[in-house]
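Working through the structure, step by step
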Amino acid sequence: MYYALQLTIKENGTDKIFSVEINKGTTNDNYNKYTISSDITFNDDGEEEEKIVLQRDSFFSNLITGFKWNGEDNAEIVGMRSDTGLRYTTMRFAYTKEIENQKGIVSDSGQIERTIDYKEKWTTLDKLISYARSLMTQNSNIINSVELEFDKNPDLKIGDIVEIQMPSFYTEGKFAVKEKNYTYENKLKQNWKITLKTADLISTYIDIFRPAEEEETQEKIDTVILSEFIEENIKEIHTVEINNPENHTLNFNL
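What this report covers is the structure whose coordinates are included nearby. (Residues numbered from 1 in each chain as written. Predicted model: local features only at pLDDT ≥ 70, side-chain atom pairs only at ≥ 80, totals over all residues. Heavy atoms only, no water.)

Another aspect to go through is the nonpolar core. Within the largest apolar cluster, nine residues are counted, these being L5, L7, I9, F18, V20, I40, F42, I52 and L54. Looking at this core, the elements with two or more residues in it are β1 (2–11), β2 (14–22), β4 (40–42) and β5 (52–56). Sort the elements by how many residues they give to this core and β1 lands first, with three residues. L5 has contacts with F18, S19, V20, L54, M80, R81 and S82, leaving out every residue within four places of it along the chain. Judged by nonpolar contacts, the second largest core, of eight residues, contains V146, L156, I164 and F175. (Core = buried A, V, L, I, M, F, W, Y, C linked by side-chain atoms within 4.5 Å. Buried < 20%, exposed > 50% of the residue type's maximum accessible area, 1.4 Å probe, protein only. Helix = DSSP H or I, 4+ residues; strand = E, 2+ residues; numbered from the N terminus. Contact = heavy atoms within 4.5 Å.)

Pasting the structure below:
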């Protein structure tokens, strides 16, 4: 059994189990099916609420941030489990090859360290790795922040995605509108200054609107993951094979 959520609540002296699950028993009629207890509804279903109402995140419908209880006031939570969830994680990325190259140049050890605090925000592991890689390569000719100025209203709102293809200015990709400033001097002189950041960065787009959440407990388990940055190159060589070389003449310009 794979539990997205299993919640056991004691009500009037009786334990009641509420679950969202996928049954992995091959002999079960619900094998590999996603099933939800009849006493569970979701806050955005628009249906009559059951005893358990799961609260979905405002941006990600598959993320549950809490639940509402509509049963007896004297009910007691006996246990809760899930085979999926969020966890506190510290990721440490190292670019060992570049550290060796920079020994005695940028510092005695060759190391330059930078700490990024997500401030209780969440992301997937793949996106976190992509973000860390973008920080490691930001000294290249890749632009991750753009400022645009207009003398007419560009009709862009905070969070809008703009695609910019200007390779001659090293600016390519999708950017999210982060800030918008308007200056008025007279009818003929007006200015709109738009600040955009690459939509791949976790600090932009969705997190622009996400309200800050306070941590309810001071006790947390932190997982540390170590990752090594590696640049790989492919050397491609083309060869031409001639089946009957005696019937071919090769000309070289000397």
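This part is about the sheet that holds β5. Taking strand neighbours across the sheet as the criterion, the three strands line up as β4-β5-β6 in an open arrangement whose pairing is mixed. Single-partner strands in this sheet number two, and they are β4 and β6 (64–69). Across the sheet, the axes of successive neighbouring strands diverge by a mean angle of 30°, strand direction being ignored. Two elements, β4 and β5, share three bridges in a ladder whose sense is parallel. Residue F42 lies in a different strand from β5, and its bridge partner there is L54. (Pairing = 2+ DSSP bridges. Axes fitted to C-alpha atoms, helices over the stretch in contact; angles between N-to-C directions.)

Our next topic: the packing of aromatic side chains. For any pair of aromatic rings, the description rests on two quantities: the centre-to-centre distance and the angle between the ring planes. According to the stated counting rule, one finds two aromatic pairs in the structure shown. Ring centres 6.0 Å apart and planes at 80° place the aromatic pair F18 and W69 in the edge-to-face group. Linking F18 in strand β2 with W69 in strand β6, this pair joins segments that are 51 residues apart in sequence. Under the relative-accessibility criterion, F18 is labelled buried at 1%. (Phe/Tyr/Trp six-rings, centres within 6.5 Å; stacked < 30°, edge-to-face > 60°.)

Everything listed here is a matter of geometry and, on its own, says nothing about what the molecule does.
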